[in-house]
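So the chains spell out like this:
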Amino acid sequence: MAESFVFEVAHSLLGKLASYAYEEASRAYGVYDDLQRFINTLSIVKDVLDGFESQNKQKQNVKASGSIRMKVGHFFSSHNPLLSRIRMAHQIKDVRDKLEKVVADGNRFGLLERTIDVDPKLVLQKRDMTYSHVDASGVIGRENDREEIVQLLMQPHPHGDGDGDKSLCVIPIVGIGGLGKTTLAKLVFNDKRMDQLFQLKMWVSLSHVFDIREIVIKIIKSASAPTSTTNITHAHQEDIDGLDTEQLVSHLIYKLYGQKFLLVLDDIWNDDRSKWIELKDLIKVGAIGSKILVTTRNNSIASMMGTVDPYVLKGLSPENCLSLFVKWAFKEEKWEFVRDSELWNLEQKKDDILPALKLSYDEMPSHLRHCFTYFSLFPKDYDFDSKLITKLWLGHGLLQSPYGSQKTNDIAREYIDGLYSRSFIQDFEVIGHNVYFFKVHDLVHDLAMYVAKEEFVVVNSHTHNIAEQVRHISILETSSLGHALFPKSRSVRTILFPIERVGLDSETLLDTWLSRYKYLRYLDLSDSSFETLPNSIAELEHLQTLLLTNNYKIKRLPPSISKLHNLQRLSLWGCMELETLPKGIGKLISLRELYITTKQSVLPQNEFASFTNLQALAFYGCDNLKILFNRA
């Protein structure tokens, strides 16, 4: 129980320290290198505790077997209880020393004396407050969008706000950061038809904190601001910052009461419905036909606030993109020169698209940020499917239910819905129960690559070096693979081949990986073409996912694979030359998913009876299978 508690603490700390907020804070205070050493110490502690869990499962397996032969063999093996206790004693001492260092470093970083949670808002790059002015002549490709929003604003509101109130209509504009939601709202706000339709127009730019008092003050000030029809000389700006809340509410009602108004609330981040209802109740005192136009990056916020369907803003057409690019950069005939120049290596400035998307990333809960980063392991325009991404997240312990008993597929769907509502994924298509496909926009993929940094590496023909800090490796091309390319670091946790018909054909390189990366948790060797799996696979005692899908050459699996007591997912799907399942496969006591293709004619029932945790079992291409199970 004690090691379980320590494991959870280490896991929680690692999750927090891996966040962008802690990284930026550590850089700001000049302790980035110290923080990285602290993270490495916690990682080692977690690995050792994982090892204890693996040894415990080995003992459970021996006890459950009841075989005298196995017990004798176990006694004379490296897992001998006496030797294990001696080895464990040394490991515990090592852990204790490291934990003492963790305590010392933790006090230094303020992690143990106060809450672990870091508010990303304290360190994220803030977006500047917006204003309503826009040069319409400089906006390209939004004429149709403006017209559609204007038409929505000009329509009556027969359905009310859902509570029977027909006096206020809320129209949300939703889309990813940097797409042009604010610019579109400005175009609508400054359209001459709005001056004819509304007696009062107000523009309010919101901060990340949805502070009712602050918003009320901004609305009052915007309502009091001089307009084109106001004599600026006689415009009087009230000093209302010092008023109490009751006085502010009275001023707000006085400004809005009986007026047919248009209120723009730009850049909404608040997802607390009660706060929105509180604000709406204060401002729905205007005349019938008043409208609120809101911009947000989050679909769920748009649905919460809107009284009509959200207006989902799409990207510009390729023609408009080129026109915009040419307008801001250079004359069209210089395109080829710029295309081949070093322009694309320039650092992104604060007003560019990537930092705008980064704000949305910073606002996500930590569990979604961690999951999002794994998108960087796949190429642009990749067709993601639910099974693949669920396996990847699950293999690294990222699918955590607050309720305890929730199914992993349901948790994964909640995570995907969370990313979709924040516009981080697109082209979402549901095929069936827990089967769905989606894509990631190229700009969002750039963001994933940016936040992944050196811990996530994609290997292609241009890859000549892999940093020692790497933890997750995705191989898209195999032309330049070699032993020297891959670091000797113990930190690698993932190796995968995500592209169809791109796999590993070198057994010697595979053996190198298995001997180097003892802490691998996810090994996807799909579409590979080696004939045998090395015996050294047994050394990966932390491995949870092993995918050998569509290996058309593999003929046998080593009996040593039965030592993978933490293995939860094994796919032999499409291994058409696999002659038989390995003897002792029933010792994989943690197995939850098993996908089989084999030439075997009969499967041993006693082996499959040991799979007490099995949740999914599927067969494909087993043409020789005559009897599902025998009692051998």
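No experiment lies behind these values; they were computed from the predicted model shown. (Residues numbered from 1 in each chain as written. Predicted model: local features only at pLDDT ≥ 70, side-chain atom pairs only at ≥ 80, totals over all residues. Heavy atoms only, no water.)

Talk me through the overall build of the chain; I want residue IDs and the actual numbers.
If you tally the helices and strands in the chain, you get 21 helices and 18 strands. Looking at the chain as a whole, 48% of its 632 residues qualify as buried. Here the chain displays about 32100 Å² of accessible surface, and carbon together with sulfur accounts for 52% of that area. (Helix = DSSP H or I, 4+ residues; strand = E, 2+ residues; numbered from the N terminus. Buried < 20%, exposed > 50% of the residue type's maximum accessible area, 1.4 Å probe, protein only. Areas by Shrake-Rupley, 256 points an atom, 1.4 Å probe, with all protein chains shown as cover.)

Describe unusual backbone geometry, and please don't skip the residues or the numbers.
Of note, the phi angle at Arg-501 is positive, near 65°, even though the residue is not glycine. Inspection of the secondary structure assignment puts Arg-501 in the loop between β11 (494–496) and α20 (507–516). Under the relative-accessibility criterion, Arg-501 is labelled exposed at 72%. Unlike most non-glycine residues, Asp-527 shows phi in positive territory, near 65°. Take Asp-527: it is sitting in the loop between β12 (522–524) and β13 (545–547).

How would you sum up the environment of Ile-585? Please name residues and give values.
Summarising the element assignment, Ile-585 is placed in the loop between β14 (569–571) and β15 (593–596). On the accessibility criterion, Ile-585 (2% relative accessible area) is buried. A sequence separation of 21 residues divides Ile-585 from Leu-564, and the C-alpha atoms of the two residues are 9.6 Å apart. In this structure Ile-585 touches Leu-570, Glu-607 and Phe-611, once residues within four positions along its chain are discounted. (Contact = heavy atoms within 4.5 Å.)

Tell me about the nonpolar core, and name the residues and values.
In this structure, Trp-513, Leu-523, Leu-533 and Leu-548 are the most contacted members of the largest nonpolar core, which totals 47 residues. The set of elements that each furnish at least two residues to this core consists of β9 (456–459), β10 (472–475), α20 and β15. The biggest single contributor to this core is α20, with four residues. When sequence neighbours within four positions are dropped, the list of residues in contact with Trp-513 reads Ile-475, Phe-486, Ile-495, Phe-497, Leu-504 and Leu-525. Grouped together as the second largest cluster of nonpolar side chains are 40 residues, Leu-368, Tyr-374, Leu-392 and Trp-393 included. (Core = buried A, V, L, I, M, F, W, Y, C linked by side-chain atoms within 4.5 Å.)

So what's going on with the pattern of salt bridges? Residues and values would help.
In this structure the tally under the stated criterion is 17 salt bridges. Between Lys-284 and Asp-281 there is a salt bridge; the shortest N-O distance is 3.4 Å. Where Lys-599 meets Glu-577, a salt bridge forms, and the shortest distance between an N and an O atom there is 3.0 Å. Within this pair, whereas Lys-599 is found in the loop between β15 and β16 (602–604), its partner Glu-577 is found in the loop between β14 and β15, the two being separated by 22 residues in sequence. Overlapping salt bridges, with partners in common, bring together Glu-147, Asp-191 and Arg-193 in one network. (Salt bridge = Lys/Arg side-chain N within 4 Å of Asp/Glu carboxyl O.)

Give me helix α10 (residues 245–256): which residues, what numbers.
The first and last C-alpha atoms of α10 sit 17 Å apart over 12 residues, in line with the 16 Å expected at 1.5 Å per residue. Among the residues making up α10, those that are buried are Leu-248, Leu-252, Lys-255 and Leu-256. Along the long axis of α10, the arc covered by the buried residues comes to 85°, so they all point the same way. What points out from α10, more than 90 degrees from its buried face, is the exposed set Glu-246 and Tyr-254. Contact partners of the buried residues in α10: β2 (200–205), α9 (212–224), β3 (261–268) and α11 (273–283). By the N-cap criterion, in which a side-chain oxygen at the helix start approaches the backbone nitrogen of a residue two or three places on, α10 is capped by Asp-244, the distance to Glu-246 being 3.2 Å. After α10 finishes, the residue Gly-258 shows a positive phi value of roughly 75°. (Expected span 1.5 Å × (residues − 1). Arc of directions from axis to C-beta. Polar contact = N/O pair within 3.5 Å; in protein donor to acceptor, adjacent residues only side chain to side chain.)

Break down the sheet that holds β13 for me, citing the residues and quoting the values.
The strand order β9-β10-β11-β12-β13-β14-β15-β17 describes an open sheet built from eight strands, whose pairing is parallel. The outermost strands of the open sheet, each flanked by one partner alone, are β9 and β17 (616–619). For this sheet, the mean angle separating the axes of adjacent strands, direction not counted, is 10°. Across three bridges, the pairing between β13 and β14 is parallel. Considered in β14, the bridge of Leu-547 is made with Ser-571. (Pairing = 2+ DSSP bridges. Axes fitted to C-alpha atoms, helices over the stretch in contact; angles between N-to-C directions.)

Provide a residue-level description of the side chain of Thr-549, including the pertinent values.
Looking at the element boundaries, Thr-549 is found in the loop between β13 and β14. Judged by its relative accessible area of 16%, Thr-549 falls in the buried class. Of the polar contacts made by the side chain of Thr-549, one reaches the side chain of Ser-571; its length is 2.8 Å.

So what's going on with the pairing of strand β4 (residues 290–296)? Which residues, and what values?
The side chains of a regular strand alternate between both faces of the sheet. Within β4, seven of the seven residues are buried, which leaves the element mostly enclosed by the surrounding structure. The side-chain alternation of β4 yields two buried faces, one formed by Ser-290, Ile-292, Val-294 and Thr-296 and the other by Lys-291, Leu-293 and Thr-295. Strand direction decides the pairing type here: strand β1 (residues 168–174) and β4, joined by seven bridges, are parallel. Bridge assignment links Ile-171 to a residue of β4, and that residue is Leu-293. Inspection of the sheet shows β3 paired to β4 by five bridges, in the parallel sense. Among the inter-strand pairings, Leu-263 is bridged to a residue of β4, identified as Ile-292. The β-α-β motif built from β3, the intervening α11 and the parallel element β4 has right-handed crossover chirality. (Right-handed = clockwise from strand over helix to strand, strands pointing away.)

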